[in-house]
Amino acid sequence: MTQRVGPGEDTAQSTARSGADGPAQAEVEHRPGGLSSAEVAERVARGEVNDVPVRNSRSAVDIVRANVFTRFNAIIGVLWVIMLFVAPIQDSLFGFVIIANTGIGIVQELRAKKTLDSLAVIGEAKPKVRRDGAATEVPTSKIVLGDCVELGPGDKVVVDGVVAESDSLEVDESLLTGEADPVVKHPGDQVMSGSFVVVGGGAFTATKVGREAYAAQLAEEASRFTLVHSELRSGISTILKYVTWMMVPTAIGLILSQLVVKESDLRGSIARTVGGIVPMIPEGLVLLTSVAFAIGVVRLGRRQCLVQELPAIEGLARVDVVCLDKTGTLTEGGMDVTELRTLNGADEGYVRTVLGALGESDPRPNASLQAIIDAYPDGEEWRCTQALPFSSARKYSGAAFSERDGESSAWLLGAPDVLLADGDPVLAETDGLNEKGLRVLLLARVDGELDAPGIAERAEAAALVVLEQRLRPDASDTLAYFSEQNVAAKVISGDNAVSVGAVAGKLGLAGAEDTVDARKLPAGTEEMAARLDEHTVFGRVSPQQKRSMVGALQSRGHTVAMTGDGVNDVLALKDADIGVSMGSGSEATKAVAQIVLLNNSFATLPHVVAEGRRVIGNITRVATLFLVKTVYSVLLAILVVIAGIEYPFLPRHLTLLSTLTIGVPAFFLALAPNKERAKPQFVKRVMRYAVPGGIVAAAATFLTYQLARSHYTGPDALGAETSAATLTLFLVSIWVLAIIARPYTWWRIALVLTMGGAFLVVLAVPWLQDFFALRLVGTTMPWLAVGIAAAGAAAVELAWRWVERRFPV
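Small disclaimer: the values here were computed from a predicted structure and weren't measured.

*Asks:* Sorry, what's going on with the overall build of the protein chain here?
*Replies:* Within the protein chain, the secondary structure is distributed over 27 helices and 21 strands. For the protein chain, the residues scored as buried account for 57% of the 809 residues in total. Sequence separation of 24 or more characterises 73% of the internal contacts of the protein chain that already satisfy a separation of 6 or more. Counting every atom, the protein chain has about 32,900 Å² of accessible surface; 57% of that belongs to carbon and sulfur.

Structure below.
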C-alpha cells in the first residue's frame with residue numbers, strides 16, 4: 001500500500017480516536033512536536049508512565065525461594081533438626097552440606113541474574129519519542145501518556161496507541177492475533193503493543209501505558225516467556241517424581257523396622273534410620289543443574305550473548321539444523337556500489353539523478369539503498385509525490401517524482417528476476433554477476449500508480465546497480481565448526497539464489513553451488529522437507545516460506561535453529577526450536593528470539609553450542625552419580641527391612657561417602673569442558689546406568705555387612721561391621737566415579753585419586769577415625785571387603801558395557 005503526500009497535507013489528527021474493532025482509548029491530544037518536558041514531568045508525577053517492568057530474569061527473592069524452599073530441603077531440614085537432638089554433631093554434617101550447596105546455588109544464580117539484567121539493558125528497545133519538538137530515544141519504561149512515538153520498519157509498538165501519522169504504514173500483529181498478513185494502518189487506527197512495523201513509517205499517540213496496556217502484558221508473555229522445551233529440566237522432574245514414590249514407602253518401612261530391631265537404644269535407632277533416608281534424596285542434582293545453567297549464562301554474557309531463556313543454552317546444543325539468513329549473518333550490514341550499467345540507451349547522468357532521488361525519498365533506507373545514497377547523493381530539486389517502501393514480499397520499492405523541469409516519472413528499484421519477464425536477455429547478464437557473489441538491483445521506469453495491480457509487469461529496464469556485500473570475517477570458521485559438529489547449515493535468503501550460493505561458496509559451505517529458487521519449491525510439507533534435506537542454499541525465499549521451511553524440517557524430527565535480524569525473519573524465529581537474533585536487528589526479532597548476539601557476531605554461536613553441550617553432557621554424568629546413590633540407598637533399606645537387622649550406616653558415614661564420591665567430584669565434572677554432541681532420551685540414558693550400578697553397589701555392600709555380622713562379636717561388633725560395609729561401598733562408588741570420569745585427562749585422574757586418598761586419610765588418622773566412627777578391625781574382614789568391592793567394580797563395568805550394547809540410545 002502507498003500513501004500519497006501532497007503539498008500542505010497534514011496527516012496529524014487533532015485528537016486520538018478509538019480503533020474500529022479495539023477497546024476505547026483515552027482521549028489524548030496529538031501534538032506533532034510532542035510533549036514538553038514540564039508536561040512529561042507532570043504525567044510521571046501522576047503515575048501516567050509505562051512503568052511495567054520487563055523482567056528478563058527471576059527476582060532475587062524468587063531465586064532465594066526457589067533454592068531454599070524445595071521438597072527435598074524440607075525433608076532434609078526436618079531430619080537435620082531431629083539429628084541435632086539425638087546424635088553427635090558428626091551425624092548432622094549432612095545439614096551443613098545442604099546449607100553450603102544451597103548457598104552456592106543462590107550465589108551463582110544471582111551472578112547469572114546480574115549478567116542477564118545488565119545485558120538486557122544493553123539490548124533494551126529504545127523507541128524514538130518526540131519531546132520539546134525533537135525526536136529522542138528513551139527507555140520503554142519512560143514513555144508517558146500522550147507521548148508521540150515514531151515508528152519505522154522493524155520497530156516494535158511498545159505501548160497501546162492511536163496512529164497519528166502514516167506513511168505507507170503496515171503493522172504485523174501476528175504475536176497478538178496469529179494472523180501473519182500485515183495490517184495497513186491509517187491515521188486514527190489503533191495499534192497494540194507487541195505488534196511491529198513491517199513496511200513504512202509514521203507516528204502514534206500513546207493512549208494506554210503501564211498496567212493499563214493489557215495487550216503489552218499479553219504480547220510480552222507470548223513473545224518472551226514462551227519457554228523453550230528443556231528435556232534436561234523435564235527429565236530431572238520425572239526422575240525426582242519416581243524417586244519420591246520409591247522413597248516414601250521405603251523410608252516408612254525402615255523407620256518401623258529400626259524401632260523394632262533395637263528397642264533399647266532409641267537414639268541409635270533414630271540415627272541409623274535417618275542415615276538410611278538421607279542418601280535416598282538426590283538433593284544436589286537440581287542444585288548442580290541450576291548452577292551449571294547459571295554459570296553458562298555468565299560465561300556467554302562475557303561474550304556479549306544475551307540468553308533470554310536459560311534452557312535455550314541446552315536447546316541450541318541439541319540443534320542439528322541451523323537456518324542462516326545471508327544478510328546480517330554471513331555478510332555484514334554494509335554494502336558498496338561497485339558498478340552502474342545502463343540499459344536500453346538510458347543516459348547515465350540521468351540514471352544517477354534518479355537513484356539519488358530514490359535514496360532521498362526513503363527516510364529509513366535499508367542496506368542496499370544506503371549504499372546507493374552513499375554513491376549517488378541527491379543534488380537535484382526533485383519532489384517525491386508518491387513512495388512505495390521496500391517489502392520483502394514483493395522484492396522491490398519505488399517512488400514517483402515531479403522533476404525539476406515539471407515532468408513526472410515513476411520508478412521501481414528491486415530484484416531483476418521479479419521485475420523482468422522470464423527469458424529477458426538482461427537476466428543472463430544479472431546471472432553472470434550473481435555467480436560472482438554480487439548483488440544486482442534493477443532500476444526500471446513505470447507508468448501509472450505504483451501500487452496498481454501488475455505494475456511490475458509493465459516496467460522498462462533503465463539500469464543495473466551492482467552491489468558488493470561485505471563478508472563477515474568469522475563466518476567461514478563458524479560454518480566449518482558446524483560442519484565438524486554434524487550440524488547441517490541451510491542458507492535461506494530473500495536474495496537471488498545464485499548470488500546467495502556464490503557468497504556461501506566463498507565461505508566454503510559444502511553444497512553451495514547447487515542452489516534452489518524457493519519460488520519453485522513444492523507447497524506440501526513432506527515434499528518441501530525432502531528438498532530441504534537434499535539442498536543447502538535457497539534464494540528468493542518469502543517470509544511465509546521461511547516459516548514453512550522451519551516447519552518442514554521439524555516434521556522430519558530435526559531440531560531447528562533460525563538466525564535473523566529483519567522483520568521478515570520474525571515468524572520463522574518464533575516457530576523455530578531456537579531463535580537467534582543479532583543485537584543490531586529489529587526490536588521485533590529481538591523480542592521473539594531466545595538468544596540475542598549483542599555483538600552481532602555470528603562467531604559467538606559455536607560458543608553457545610559448546611556451552612550447551614557442556615551443560616547437557618556434564619549434567620548427564622553427575623545425574624548418574626546421584627542416582628546410583630539413590631538406587632543403592634533404597635535397595636539397602638529394603639534388604640535391611642527384609643532381613644530384620646540394623647541399618648549399617650550412621651548419617652556421618654554416608655555424608656563422607658557422598659562428599660568424596662559424588663558431591664566434590666560432581667561439582668568439578670559439572671563445570672568441566674565437554675564437547676560431546678547432545679543426545680536425546682535423557683532419563684533413559686541416565687537410568688540405564690544408575691539402576692545396574694546401584695544394584696551392584698547395594699548387593700556388594702549388603703554381602704560384606706552380612707559376612708561381617710557373622711565374623712565379628714562383642715559389644716563393639718556393630719562399629720566394625722559398619723566400617724567393613726563402608727569400605728566396600730566406597731570402593732564400588734569410587735569405581736563408578738572412575739567410569740563416569742572417562743575419557744581420562746590428567747585432572748580427571750587426579751580428581752579420582754584425590755578422593756581415594758582422602759578416604760585413606762580418614763582411615764589412617766586416629767581423630768578422623770573417631771570423628772567418623774570408622775575403624776577397620778583385623779585384616780581378614782577388611783581384605784574380604786576389598787575383594788567383594790573388586791568383584792562389584794568388575795560387575796559394574798560388565799553391566800554398563802552390556803547395557804551399552806543391549807539398550808543403545
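*Asks:* Would you take a moment to explain the sheet that holds strand β19 (residues 560–564) for this structure?
*Replies:* Sheets are built from strands paired through backbone hydrogen bonds, the pairs being either parallel or antiparallel. The mixed open sheet is built from 8 strands, whose spatial order is β8-β21-β20-β19-β9-β16-β18-β17. In this open sheet, the two strands that pair with only one neighbour each are β8 (305–307) and β17 (515–517). Across the sheet, the axes of successive neighbouring strands diverge by a mean angle of 20°, strand direction being ignored.

*Asks:* Teacher, can you tell me more about the packing of helix α17 (residues 525–534) against helix α18 (residues 543–555) here?
*Replies:* Two measures define how a pair of helices packs: the angle their axes make with one another and the distance between the axes. Between α17 and α18, whose axes approach to 8 Å, the crossing angle comes to 85°. The orientation of α17 with respect to α18, classified from their angle, is roughly perpendicular. On α18, the residues touching T525, M528, A529, L532 and D533 of α17 are S548, M549, A552, L553 and S555. Here the residues of the contact of α17 with α18 sort into 6 nonpolar, 3 polar and 1 charged.

*Asks:* Looking at this structure, I do not really get the pairing of strand β14 (residues 439–446). What am I missing?
*Replies:* Within a regular strand, the side chains alternate between the two sheet faces. With 7 of 8 residues buried, β14 is to be regarded as a mostly interior element. The sheet contact formed by strand β13 (residues 408–414) and β14 spans 5 bridges and is antiparallel. If you follow A410 over to β14, its bridge partner there is V446. In terms of strand pairing, β14 meets strand β15 (residues 460–471) through 7 bridges, oriented antiparallel. Directly across from A444, in β15, lies its bridge partner A461.

*Asks:* What's the story with the pattern of salt bridges in this structure? I'm lost.
*Replies:* Any two side chains of opposite charge can pair, on the condition that their charged atoms come close. The final tally for this structure, using the stated rule, is 19 salt bridges. Linking E165 and R130 is a salt bridge whose minimum nitrogen-to-oxygen distance equals 2.8 Å. Residue E165 is found in strand β4 (residues 160–172), and its partner R130 is found in strand β1 (residues 128–131); the two are separated by 35 residues along the sequence. Each of the two residues, E165 as well as R130, counts as buried. The closest approach of N and O atoms between R775 and D770, which form a salt bridge, is 2.6 Å.

*Asks:* Explain unusual backbone geometry to me, please; I cannot follow it from the model alone.
*Replies:* Both trends apply: most residues other than glycine have a negative phi, and most peptide bonds are in trans. Following R742, the chain continues to P743 via a peptide bond in cis, the omega torsion being -5°. Within the element layout of this structure, P743 appears in the loop between α24 (717–740) and α25 (746–764). Positive phi is not limited to glycine here, since D132 has a value of about 55°. Topologically, D132 is positioned in the loop between β1 and β2 (134–137). When its relative accessible area of 49% is taken as the criterion, D132 is described as partly exposed. In this structure, R540 is a non-glycine residue whose phi angle is positive, near 55°. Summarising the element assignment, R540 is placed in the loop between β18 (537–539) and α18.

*Asks:* Hey, could you run me through the packing of aromatic side chains in this one?
*Replies:* Two descriptors summarise a pair of aromatic rings, namely the distance from one centre to the other and the angle between the planes of the rings. Here the structure, examined in full by the defined rule, presents 9 aromatic pairs. On the numbers, 5.9 Å between centres and 55° between planes, the contact of Y350 with W411 is tilted. Of this pair, Y350 sits in helix α11 (residues 348–361) while W411 sits in strand β13; the two residues are 61 residues apart in sequence, bridging distant segments of the chain. Ring geometry for Y481 against F482: centres 5.8 Å apart, planes inclined by 65°, an arrangement best described as edge-to-face. An aromatic cluster is built from Y350, W382, F401 and W411, whose rings are joined through pairwise contacts.

*Asks:* What exactly am I supposed to notice about a nonpolar patch on the surface here?
*Replies:* A grouping of V81, L84, F85, I89, F96 and I99 is seen on the molecular surface, where their side chains present a nonpolar patch of about 590 Å² in accessible area. Where the nonpolar patch is concerned, the elements lending two or more residues are α3 (71–86) and α4 (93–122). With 3 residues, the top contributor of residues to the nonpolar patch is α3. If you trace the backbone, F85 turns up in helix α3. Take F85: its relative accessible area is 65%, and that puts it in the exposed class.

*Asks:* Looking at this model, I keep getting lost on the side chain of T353. Mind explaining?
*Replies:* In this structure, T353 sits in helix α11. Within the structure, the side chain of T353 is placed 3.1 Å from the backbone oxygen of G349, a separation counted as a polar contact.

*Asks:* What's the story with the nonpolar core in this structure? I'm lost.
*Replies:* General note: in soluble globular proteins, nonpolar side chains tend to be found buried as a group. Among the nonpolar cores identified, the biggest contains 88 residues, and V622, F759 and W800 are the most heavily contacted of them. In terms of residue count, the dominant contributor to this core is helix α21 (residues 605–643) (13 residues). In contact with F759, other than residues within four places in its own chain, are L656, L657, L660, T726, L727, F730 and L774. A312, A489, V503 and L597 belong to the second largest nonpolar core, which has 35 residues in total.

*Asks:* What should I look at first to understand the packing of α24 against helix α27 (residues 780–806) in this one?
*Replies:* At a minimum axis separation of 8 Å, α24 and α27 run at an interaxial angle of 30°. The orientation of α24 relative to α27 falls into the category roughly parallel. Both α24 and α27 take part in a crossing whose hand is right-handed. Mapping the contact onto sequence places A724, L727, T728, L731, V732, W735, V736, I739 and I740 in α24 and M781, P782, A785, V786, I788, A789, G792, A793, V796, E797 and W800 in α27. Considering only residue class, the contact of α24 with α27 consists of 17 nonpolar, 2 polar and 1 charged.

*Asks:* So what exactly am I meant to see when it comes to the environment of L343 here?
*Replies:* Counting through the fold element by element, L343 comes out in the loop between β10 (331–342) and α11. With near-sequence residues (within four places) excluded, L343 lies in contact with V426, E429, L442, A461, A462, A463 and L464.

Each value, and the rule that gives it
- Residues numbered from 1 in each chain as written.
- Predicted model: local features only at pLDDT ≥ 70, side-chain atom pairs only at ≥ 80, totals over all residues.
- Heavy atoms only, no water.
- Helix = DSSP H or I, 4+ residues; strand = E, 2+ residues; numbered from the N terminus.
- Buried < 20%, exposed > 50% of the residue type's maximum accessible area, 1.4 Å probe, protein only.
- Contact = heavy atoms within 4.5 Å.
- Areas by Shrake-Rupley, 256 points an atom, 1.4 Å probe, with all protein chains shown as cover.
- Pairing = 2+ DSSP bridges.
- Axes fitted to C-alpha atoms, helices over the stretch in contact; angles between N-to-C directions.
- Parallel < 35°, antiparallel > 145°, perpendicular 65-115°, else oblique.
- Nonpolar A, V, L, I, M, F, W, Y, C, P; charged D, E, K, R; others polar.
- Salt bridge = Lys/Arg side-chain N within 4 Å of Asp/Glu carboxyl O.
- Phe/Tyr/Trp six-rings, centres within 6.5 Å; stacked < 30°, edge-to-face > 60°.
- Patch = residues over 30% accessible without salt bridge, like charges linked within 9 Å, V, L, I, M, F, W, Y side chains within 5 Å.
- Polar contact = N/O pair within 3.5 Å; in protein donor to acceptor, adjacent residues only side chain to side chain.
- Core = buried A, V, L, I, M, F, W, Y, C linked by side-chain atoms within 4.5 Å.
- Left-handed = near helix turned anticlockwise from the far one by under 90°.

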